[in-house]
Number of protein chains: 2
Amino acid sequence: MTEPLRLGIAGLGTVGIGVVKIIRRHAALLEARTGRPVVISAVCARDASKDRGVSLKDYAWETDPVALATRDDVDVFVELMGGHEGPAKDATQAALAAGKDVVTANKALLAIHGQALAELAESKGSVIRFEAAVAGGIPVIKSLLEGLAGNEITRVMGVMNGTCNYILTRMETSGLPYATVFKEADDLGYLEADPTLDVGGIDAGHKLALLASIAFGTRPAFDDVKLEGIQRIAIEDIRHAADMGYRIKLLGVAQRSARGLEQRMTPCLVPADSPLGQLEGGTNMVVIEGDSIDQVVLRGPGAGEGPTASAVMGDVLDIARGLRIATFGQPAETLEPAPSAQTGLPAAHYVRMSLQDKPGAMAKVAAALGNAGVSIHRMRQYDHTTTIAPVLIVTHKCTSSMLEQALDGLDGTGVVEGAPVALRIEEL
Amino acid sequence: MTEPLRLGIAGLGTVGIGVVKIIRRHAALLEARTGRPVVISAVCARDASKDRGVSLKDYAWETDPVALATRDDVDVFVELMGGHEGPAKDATQAALAAGKDVVTANKALLAIHGQALAELAESKGSVIRFEAAVAGGIPVIKSLLEGLAGNEITRVMGVMNGTCNYILTRMETSGLPYATVFKEADDLGYLEADPTLDVGGIDAGHKLALLASIAFGTRPAFDDVKLEGIQRIAIEDIRHAADMGYRIKLLGVAQRSARGLEQRMTPCLVPADSPLGQLEGGTNMVVIEGDSIDQVVLRGPGAGEGPTASAVMGDVLDIARGLRIATFGQPAETLEPAPSAQTGLPAAHYVRMSLQDKPGAMAKVAAALGNAGVSIHRMRQYDHTTTIAPVLIVTHKCTSSMLEQALDGLDGTGVVEGAPVALRIEEL
């Protein structure tokens, strides 16, 4: 194959421009590595007059992404617009229907419509690649889909939202409360226009659904991801966790057991001296566990022009080299509907509550936990100057449903103020 | 493609048996992922009567690896014998000459004969894959060759000999001297039959030469790897390094600059709080830096039945899926002869010496360094009860040739006992 591979790039934001820059800067290198020129035929964005810091005059300009996606001189449609409905979805479908390959950074689109798009792609002999959709520049999709394909995967975990990890580590180092650090992150431009996508765990949940599909041969099922954001994490939780040798991370975990497929994107405690516990700032990390590999940890930049464009280019170059692989690693029709686990595997939990300081209060707490079958591994009551005592409990292993029953019981004691904060402790 | 992919496996040690086990255990999973059965036609080892804990009766048995490699019912020759001459080389050449693909875990063979073998493979339209040759189960070859192929790679680093890392971390935690911990490692069966392969850095040096070739588009050039083992590392060095916030690792570094290609496998100081500094025991870690990606860190088991077999299977499944890629990422004839750097990029260095405790001694040391253009960043002289004072110097950045000149100068002062220990401090 010495024919050029011709790209149509839709979306000229940070990532799109990053891709254009790599192709311009490394034309010779890319041709040496793939044996054929990689060229851009056309680009598409709303505003053609905007100065994007790189010359686009060699490329045809389309204002309609569907028109771009179906051009005769486009072999690969590179979708970098984002959004799980509207133009991104329409153009991706049009590209696939026209027999084009698709490279995308769009986690929402694939987490929600991945099954249908994969079926469409396979019916046309096209491929969809999405390394840039998960954990930025880290080659995690490739590792899971290809490098570790000889493994039965047992668990996939990841810190995959740099903004949340920035907020949590900044709270710890500065001692500032969530609201203040959230404001800082917003001022620094770290947050999505809708910040719930970040701090509510939605963005990271999309990524987890994609990893789970590849790992377990199931249909992507974002709706089954248990989502909990970091908004309720107080500075006290971060301090208490540190006291006990843990750090709090917004951690995605996908795990398959006899109970079904468990997908969680929730704040968890992880050992402070583990690779996940040591992860600082906006960096991402994915942990893959398999029956032969034991554990592999991948760490790198989760966002940004260069890293995300690097991931897009990895997919483009695979296509240039002739790699044809099913979207989620096996034919879409063989992906099983993900049987969602009703209750997760047992784990120790961290529970923090505000307890009324009066005789018998602690006995009521202990009884509520005991009635739910939850036993106490460690407990601390902290100094207090008011009539409300901060109480911290680490449970022995229990299921999430047992924990919920215990929390309901605590609510019924009449001695616990507000809702306790309960966080899973993830073993590594 | 629904034809089975048929393997011939030469070498039924730990890794070979691991591969057999995966293929037997996961036949359905592997077929789902590749769209075709992956089967073993024949195996080869010296002793057919030995109980290897897994049934081999379904496979033809060959005693001659060349005969195995050229069987009509073998599509992929899986070379797990080891050794850079003799049967491994002969059978690999025979397989390629017969148009077979080759999957190998043999770092020495490829580091030394990789260029010739790659040329032979390409002349026959065959591929050679070698994920298992570098860093065990970590998908590092795939990440560098494919996932990060859109980057100009700027540096590759790795801790890739688990035995050395075990010895160094065990020295630190136990406070025991090198000789004692070396003996422990030997008793535990961690060392190669020729332990110099491990502690002399040769095994890890082979791996570095392979990474450098892919990273920089150069011919594998093991002879140009600057090798230094860990045998000279004293418990004092480990303690001093820790005092200053560093840890000592047998670290491979490949870097290309205007000076040429630098390949080093030497003990280095790395920041204790960096991912490399935090690496404990037998685990491996590879750090890849590129112009777009910034830095990606991959961590995982560097040896053992499961992890190494997982890497072999990753390559086998790529071939089953139809991925055809040049051995070192671009056609062998386009790989440049590696222009070896005569002197490395400047770095700070750690120097420990035993200084005679007499007037003017320190002045002579300072003069020797100054005459070589090496300036002192930090210096400590430790308490001592004899007439020999332990002296520790951290230099400002200097080249390795400046440092060698300084060490020659120290030798000429007549006040330094024995040879100083000098270690590079690698910035991360």
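Values in this document were obtained by computation on a predicted structure and should not be read as measured data. (Residues numbered from 1 in each chain as written. Chains lettered and ligands numbered in written order. Predicted model: local features only at pLDDT ≥ 70, side-chain atom pairs only at ≥ 80, totals over all residues. Heavy atoms only, no water.)

Side note on the relation of the copies chain B and chain A
Put simply, the rule is: To line up the copies, we fit them by least squares on C-alpha atoms, keeping just the residues with pLDDT of at least 70 in both. Whether two residues touch is decided by their heavy atoms; if any such pair falls within 4.5 Å, the residues are in contact.
When chain B is fitted onto chain A, the two copies agree to an RMSD of 0.1 Å after a turn of 180° and an axial shift of 0.0 Å. Here the symmetry operator amounts to a two-fold rotation axis. Mapped onto chain A, 100% of the interface residues of chain B are again interface residues, and the two copies thus contact each other with one and the same surface.

Describing the sheet that holds strand 4 (residues 76–79) of chain A
Residue and element names in this part refer to chain A. Quick reminder of the rule: DSSP-based pairing: two strands are paired if at least 2 bridges between them are found. Runs of E in the DSSP output that reach at least two residues are strands. Runs of H or I that reach at least four are helices, and both are numbered from the N terminus. Orientation is described by axes fitted as lines to C-alpha atoms, over the contacting stretch for helices, and by angles from 0 to 180 degrees between their N-to-C directions.
Across the sheet, which stays open at both edges, the six strands sit in the order 3-2-1-4-5-6 with parallel pairing between neighbours. The open sheet is flanked by strand 3 (60–62) and strand 6 (128–129), the only strands paired with a single partner. Pairing of strand 1 (residues 5–10) with strand 4 involves four bridges; the strand directions are parallel. In the sheet register, Ala10 faces strand 4, and the bridge partner there is Glu79. On the sheet, helix 1 (residues 14–25) packs against strand 1 and strand 2 (38–44) and is oriented at approximately 155° with respect to strand 1.

Re the sheet that holds strand 5 (residues 101–104) of chain B
Residue and element names in this part refer to chain B. With respect to topology, six strands assemble into an open sheet ordered 3-2-1-4-5-6, the strand pairing being parallel. Each edge of the open sheet carries a strand with a single partner, namely strand 3 (60–62) and strand 6 (128–129). Two elements, strand 2 (residues 38–44) and strand 3, share three bridges in a ladder whose sense is parallel. Each residue of the ladder has a partner; that of Val43, found in strand 3, is Trp61. Strands strand 1 (5–10) and strand 2 of the sheet are contacted by helix 1 (residues 14–25), whose axis makes an angle of about 155° with strand 1. In the packing of helix 4 (residues 87–97) onto the sheet, the strands contacted are strand 4 (76–79), strand 5 and strand 6, and the crossing angle to strand 4 comes to about 165°.

Details of the domain arrangement of chain A
Residues and elements named next belong to chain A. Selection rule: Domain start and end points were adopted from an automatic or database domain assignment. Here the buried area means the combined drop in accessible surface, using a 1.4 Å probe, for two parts upon being joined, counting both sides. Every case where a carboxyl oxygen of Asp or Glu lies within 4 Å of a side-chain nitrogen of Lys or Arg is listed as a salt bridge. Any N or O atom pair separated by 3.5 Å or less is treated as a polar contact, with the protein-specific requirement of one donor-capable and one acceptor-capable atom, and with residues adjacent in sequence counted only for side-chain atom pairs. Side-chain classes are defined by residue name, with Ala, Val, Leu, Ile, Met, Phe, Trp, Tyr, Cys and Pro counting as nonpolar, Asp, Glu, Lys and Arg as charged, and the others, Gly among them, as polar.
Each domain of chain A was delimited in the assignment, giving domain 1 (5–133), domain 2 (140–300) and domain 3 (349–425). For domain 2 versus domain 3, the separation of C-alpha centres amounts to 26 Å. Between domain 2 and domain 3, the residue contacts involve 17 residues of the former and 15 residues of the latter. Summing both partners gives a buried area of about 1,400 Å² for domain 2 against domain 3, and 57% of it is carried by carbon and sulfur. When residues of domain 2 are sorted by the area they lose upon contact with domain 3, His240, Met244 and Leu269 head the list and together hold 39% of the total. Counting every contact that joins domain 2 to domain 3 gives one salt bridge. The closest approach of N and O atoms between Arg352 and Asp237, which form a salt bridge, is 2.4 Å. Counting the contacts that link domain 2 with domain 3 gives four residue pairs in polar contact (both at pLDDT 80 or more). Contributing elements (two or more residues each) for the side of domain 2 that touches domain 3: helix 11 (235–243), strand 9 (246–257) and strand 10 (260–271). Taken together, the residues of the side of domain 2 that touches domain 3 sort by class into eight nonpolar, one polar and eight charged.

Focus: the interface of chain B and chain A
Taken residue by residue, the interface counts 48 residues in chain B and 48 residues in chain A. Of the roughly 3,800 Å² buried at the junction of chain B and chain A (both faces included), carbon and sulfur atoms supply 51%. Of all residues in chain B, the largest losses of buried area upon contact with chain A belong to Arg33, Arg299 and Arg321 of chain B, amounting jointly to 16% of the total for that side. Linking chain B to chain A there are four salt bridges. A salt bridge links Lys142 of chain B to Glu146 of chain A, with the nearest nitrogen and oxygen atoms 2.7 Å apart. At the boundary of chain B with chain A, the tally comes to 20 residue pairs in polar contact (both at pLDDT 80 or more). For the side of chain B that touches chain A, the residue count by class is 23 nonpolar, 15 polar and ten charged. In the sheet, strand 12 (residues 294–301) of chain A pairs with strand 12 (residues 294–301) of chain B via three bridges, with the strands oriented antiparallel. Each bridged residue has a counterpart across the sheet, and for Arg299 of chain A the counterpart in strand 12 of chain B is Val297 of chain B.

Thoughts on the packing of aromatic side chains
All names here are of chain A. Note the cut-off: For Phe, Tyr and Trp, where Trp contributes only its six-membered ring, two rings pair if their centres lie within 6.5 Å, and the inter-plane angle classes them as stacked under 30 degrees, edge-to-face over 60, or tilted in between. Only protein chains enter the accessibility calculation, which uses a 1.4 Å probe; a residue whose area is less than 20% of its type maximum is buried, one above 50% is exposed, and one in between is partly exposed.
Here the structure, examined in full by the defined rule, presents six aromatic pairs over all chains. Judged by centre distance (4.9 Å) and plane angle (85°), the rings of Tyr166 and Tyr190 are edge-to-face. One end of the pair, Tyr166, is in helix 7 (residues 162–174); the other, Tyr190, is in the loop between helix 8 (178–187) and helix 9 (196–199), with 24 residues separating them in the sequence. Assessed through its relative accessible area of 15%, Tyr166 is described here as buried.

Focus: the pattern of salt bridges
Enumeration over the complete set of coordinates arrives at 56 salt bridges over all chains. Glu426 of chain B is the partner of Arg264 of chain B in a salt bridge, and the nearest nitrogen-oxygen pair spans 3.2 Å. Taken together, the residues Arg264 of chain B in strand 10 (residues 260–271) and Glu426 of chain B in the segment after strand 16 (416–425) connect sequence positions 162 residues apart. In this structure Arg264 of chain B comes out as buried when scored by relative accessible area, which is 5%. When its relative accessible area of 2% is taken as the criterion, Glu426 of chain B is described as buried. Where Arg424 of chain B meets Glu426 of chain B, a salt bridge forms, and the shortest distance between an N and an O atom there is 2.9 Å. In terms of burial, Arg424 of chain B and Glu426 of chain B fall into one category: buried. Taken together, the shared-partner salt bridges in this structure form one network comprising Arg129, Lys142, Glu146, Asp315 and Asp318 of chain A together with Arg129, Lys142, Glu146, Asp315 and Asp318 of chain B.

Some points on the UniProt feature "active site" (unreviewed entry) in chain A
Residues and elements named next belong to chain A. The test is simple: UniProt positions are given in the numbering used here, feature names are shortened, and annotations may be inferred rather than shown by experiment.
Within this numbering scheme, the UniProt entry marks Lys207 as carrying the feature "active site" (unreviewed entry). Topologically, Lys207 is positioned in helix 10 (residues 202–216). Accessibility expressed as a relative area gives 5% for Lys207, which makes it buried.

Observations regarding the UniProt feature "domain: ACT" (unreviewed entry) in chain A
Within the UniProt annotation, "domain: ACT" (unreviewed entry) is assigned to residues 350–421 of chain A. Summarising residues 350–421 of chain A: 35% helix, 38% strand, and an end-to-end C-alpha distance of 8 Å.

What about the packing of helix 7 of chain A against helix 11 of chain A?
For any two helices packed against each other, the geometry is given by the interaxial angle and the distance between the axes. All names here are of chain A. Keep this limit in mind: Each angle receives one of four descriptions, namely roughly parallel if under 35 degrees, roughly antiparallel if over 145, roughly perpendicular if within 65 to 115, and oblique otherwise.
Where helix 7 contacts helix 11, the axes come no closer than 10 Å and their chain directions differ by 75°. One element, helix 7, and the other, helix 11, form an angle in the roughly perpendicular class. On the side of helix 7, the interface is formed by Leu168, Met171 and Glu172, while helix 11 contributes Ile235, Ile238 and Ala242. Among the residues forming the contact of helix 7 with helix 11, the class breakdown is five nonpolar, no polar and one charged.

Some thoughts on the environment of Tyr59 of chain A
Residues and elements named next belong to chain A. Relative to the helices and strands, Tyr59 is located in the loop between strand 2 and strand 3. For Tyr59, a relative accessible area of 12% corresponds to the buried category. Sequence separation of Tyr59 and Ile9 is 50 residues, and the distance between their C-alpha atoms is 9.9 Å. Setting aside residues up to four positions removed in sequence, Tyr59 forms contacts with Val20, Arg24, Ile40, Ser41, Ala42 and Val43.

Notes on the pairing of strand 12 of chain A
For a regular strand, the rule is simple: side chains alternate between the two faces of the sheet. Inspection of the sheet shows strand 11 (residues 283–290) of chain A paired to strand 12 of chain A by eight bridges, in the antiparallel sense. When the bridges of strand 12 of chain A are listed, Gly290 of chain A appears paired with Asp294 of chain A.

Thoughts on the packing of helix 4 of chain B against helix 5 (residues 107–123) of chain B
Residue and element names in this part refer to chain B. Applied cut-off: Two helices that cross are described as forming a left-handed crossing if the nearer one is turned anticlockwise from the farther one by less than a right angle, and a right-handed crossing if clockwise.
Their axes nearest at 10 Å, the elements helix 4 and helix 5 cross at an angle of 15°. As judged from the angle between their axes, helix 4 and helix 5 are roughly parallel. You can see that helix 4 and helix 5 cross each other, and the crossing is right-handed. Between helix 4 and helix 5, the residues in contact are Ala88, Lys89, Thr92, Gln93, Leu96 and Ala97 and Leu109, His113, Leu117, Leu120 and Ala121, respectively. Partitioning the contact of helix 4 with helix 5 into residue classes produces seven nonpolar, three polar and one charged.

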